[in-house]
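# Chain and residue survey
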Amino acid sequence: MPPTIRRAVIPAAGLGSRLLPLTKATPKEMLPVGDRPVIEHTVRELVASGITDITIVVSGGKSLIQDHFRPNPALVEQLRADGKQAYADAVEEVGELTREGHITYLDQSGPYGNGTPVLNAARAFGDEPVLVLWPDDVFVAEVPRAQQLIRAYETTNCPVLALMPMEPAHSQRYGVPVVKEDLGDGLMRITGLVEKPKPADAPSSYAAIGGYVVTPAIIDELREQTRRWYEHRQGEVYLTDAINAYAAHRAVYGQVISGRWYDTGNPADYLVAQMATALAHPEYGPILRKLARELDDHTPTTT
């Protein structure tokens, strides 16, 4: 059988303002997490999940993303001639992701907001569902997050949001789903999202994080939002607003993702993602643990 979902969108047009000045000249999507840029983690996850058409929506100053994934046969040939086979294989493998994922690029145009890049890319979708993943999220999971979302869509044939358990005190950082029914195995029927509620007002103990299965009807809601924006020129066009409008009358589901989520969108979380990825690396992990022990042994004590 053909895959139920074969297309994906990665919105990569943001300014990365929370990471300035680090992102002044380097796109936030190209900041390293472990030994690869953060967007490569997302692309690899999609390719490993059977996605064969990836659209990366970009803005000015993001040419480094294209340069990174573009095959470079001349460099590979030079590395092999120099006997640097491991480096040549690594460069060749990154270029191969472009072919396997059929990566294309699209310049973002329209109102500000994370719904706009999805709508920009929608012309190629037809009547197909599509995955939307943010490029500054890293998931470490036995089964890729994208696969977990695809399975939830195959079960429900409805839009799906990625969810993670949330500490109630952190509710003001996330969109929090209104859970109507827990169907087991992490699958939940939801009726909407409350954006950044106070802990006392949070409708559940889950957070909506970076991952969606978007259906054509959600795209229709985005079109309607964009039409209204051009009439009033106020606010932004958000994907979550389109999902909320859809969920008021039709079924939407959330899938609790099994795995560990690392957000790289702000300095503290970026450092956590860096450290966690490095500690999990078979070569770098032991070195860093040794360094941490040495630093801890030499930390001055205060009385």
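Computed from a predicted model, the values in this text were never measured in an experiment.

## Considerations on the overall build of the protein
Within the protein, the regular secondary structure consists of 10 helices and 13 strands. Here the C-alpha radius of gyration of the protein, 21 Å, is about what a compact globule of 303 residues would show, namely 19 Å. Per-residue burial for the protein yields a buried fraction of 47% across its 303 residues. Element-wise, carbon and sulfur atoms account for 53% of the exposed surface of the protein, whose accessible area totals about 15900 Å².

## A word on the packing of helix H7 (residues 216-232) against helix H8 (residues 239-247)
In contact at an axis separation of 9 Å, H7 and H8 are set at 115° when each is read in the N-to-C sense. Judged by the angle between their axes, H7 and H8 are roughly perpendicular. The element H7 and its partner H8 pack so that their crossing is right-handed. Here H7 contributes Ala217, Ile218, Glu221, Leu222 and Gln225 to the contact with H8, which in turn contributes Leu239, Asp241, Ala242, Ile243, Ala245 and Tyr246.

## Section: H7
Between its first and last C-alpha, H7 extends 25 Å over 17 residues, near the 24 Å set by a 1.5 Å rise per residue. Turning to H7, its buried residues number three or more, namely Ala217, Ile218, Ile219, Glu221, Leu222, Gln225, Thr226 and Trp229. Positive backbone phi, approximately 55°, marks Arg233, located one or two places after H7.

## Focus on the pattern of salt bridges
One pass over the full model with this rule turns up 20 salt bridges. Note that Lys62 and Glu29 form a salt bridge whose closest N and O atoms lie 3.0 Å from each other. Here Lys62, found in the loop between strand S4 (53-58) and helix H2 (63-69), pairs with Glu29, found in the loop between strand S1 (7-12) and strand S2 (32-33); they are 33 residues apart in sequence, far enough to count as distant. Here Lys62 falls in the buried class, since its relative accessible area comes to 5%. Judged by its relative accessible area of 1%, Glu29 is buried. Here Asp67 makes a salt bridge to Arg70, at a shortest N to O gap of 2.6 Å. When its relative accessible area of 46% is taken as the criterion, Arg70 is described as partly exposed. Overlapping salt bridges, with partners in common, bring together Arg6, Arg7, Asp53 and Glu128 in one network.

## Focus: the UniProt feature "domain: Nucleotidyl transferase" (unreviewed entry) in the protein
Under the UniProt annotation, the feature "domain: Nucleotidyl transferase" (unreviewed entry) is placed at residues 8-277. With 36% helix and 26% strand, residues 8-277 has end C-alpha atoms that lie 25 Å from one another.

## Quick notes on H8
Taken residue by residue, H8 has Leu239, Thr240, Ala242, Ile243, Tyr246 and Ala247 as its buried positions. Burial along H8 is one-sided: seen end-on, the buried residues are contained in an arc of 160°.

## Some points on the side chain of Asp263
Counting through the fold element by element, Asp263 comes out in strand S13 (residues 260-263). The side chain of Asp263 sits in the buried core without any salt bridge; Arg18 is the nearest counter-charge, 4.8 Å away. In this structure the side chain of Asp263 is engaged in a polar contact, spanning 2.9 Å, whose partner is the backbone nitrogen of Gly265. Residue contacts for Asp263: discarding those within four places in its chain leaves Asp136, Asp137, Asp269, Tyr270 and Ala273.

## Description of the pairing of strand S10 (residues 187-195)
Side chains on a regular strand alternate between the two faces of the sheet. Direction of pairing for strand S9 (residues 175-184) relative to S10: antiparallel, over a ladder of 8 bridges. If you follow Val176 over to S10, its bridge partner there is Val194. Hairpin remark: S9 followed by S10, antiparallel, with 2 residues in the connecting loop; positive phi at Asp185, about 55°.

## Digging into the environment of Glu224
As for its placement among the helices and strands, Glu224 is situated in helix H7. Judged by relative accessible area, Glu224 falls into the partly exposed class, the value being 28%. Separated by 142 residues in the primary sequence, Glu224 and Asp82 have C-alpha atoms spaced 57 Å apart.

## Some words on the nonpolar core
In this structure, Leu46, Ile54, Ile56 and Leu131 are the most contacted members of the largest nonpolar core, which totals 41 residues. Of all elements in the fold, only S1, helix H1 (38-48), S4, H2, helix H4 (85-100), helix H6 (145-156), strand S8 (160-165) and strand S11 (206-214) reach the threshold of two or more residues within this core. For Ile56, the contacting residues outside a window of four places in its chain are Ile10, Ala12, Ile39, Ile65, Ile103, Thr104, Tyr105 and Leu106. Within the second largest apolar cluster, 32 residues are counted, among which are Val57, Ala122, Val130 and Met188.

## Quick notes on the packing of aromatic side chains
A complete count under the given rule lists 4 aromatic pairs for this structure. With a centroid separation of 6.0 Å and an interplanar angle of 55°, the aromatic rings of Tyr174 and Trp261 are classed as tilted. Here Tyr174 is found in the loop between S8 and S9, whereas its partner Trp261 is found in strand S13, with 87 residues between them in sequence. With a centroid separation of 5.0 Å and an interplanar angle of 90°, the aromatic rings of Trp229 and Tyr230 are classed as edge-to-face. We classify Tyr230 as partly exposed; its relative accessible area is 41%.

Definitions and limits used
- Residues numbered from 1 in each chain as written.
- Predicted model: local features only at pLDDT ≥ 70, side-chain atom pairs only at ≥ 80, totals over all residues.
- Heavy atoms only, no water.
- Helix = DSSP H or I, 4+ residues; strand = E, 2+ residues; numbered from the N terminus.
- Rg over C-alpha atoms; globule rule 2.2 N^0.38 Å.
- Buried < 20%, exposed > 50% of the residue type's maximum accessible area, 1.4 Å probe, protein only.
- Areas by Shrake-Rupley, 256 points an atom, 1.4 Å probe, with all protein chains shown as cover.
- Axes fitted to C-alpha atoms, helices over the stretch in contact; angles between N-to-C directions.
- Parallel < 35°, antiparallel > 145°, perpendicular 65-115°, else oblique.
- Left-handed = near helix turned anticlockwise from the far one by under 90°.
- Contact = heavy atoms within 4.5 Å.
- Expected span 1.5 Å × (residues − 1).
- Salt bridge = Lys/Arg side-chain N within 4 Å of Asp/Glu carboxyl O.
- UniProt positions renumbered as here; feature names shortened; annotations may be inferred.
- Arc of directions from axis to C-beta.
- Lys, Arg positive; Asp, Glu negative; His and termini not counted.
- Polar contact = N/O pair within 3.5 Å; in protein donor to acceptor, adjacent residues only side chain to side chain.
- Pairing = 2+ DSSP bridges.
- Core = buried A, V, L, I, M, F, W, Y, C linked by side-chain atoms within 4.5 Å.
- Phe/Tyr/Trp six-rings, centres within 6.5 Å; stacked < 30°, edge-to-face > 60°.

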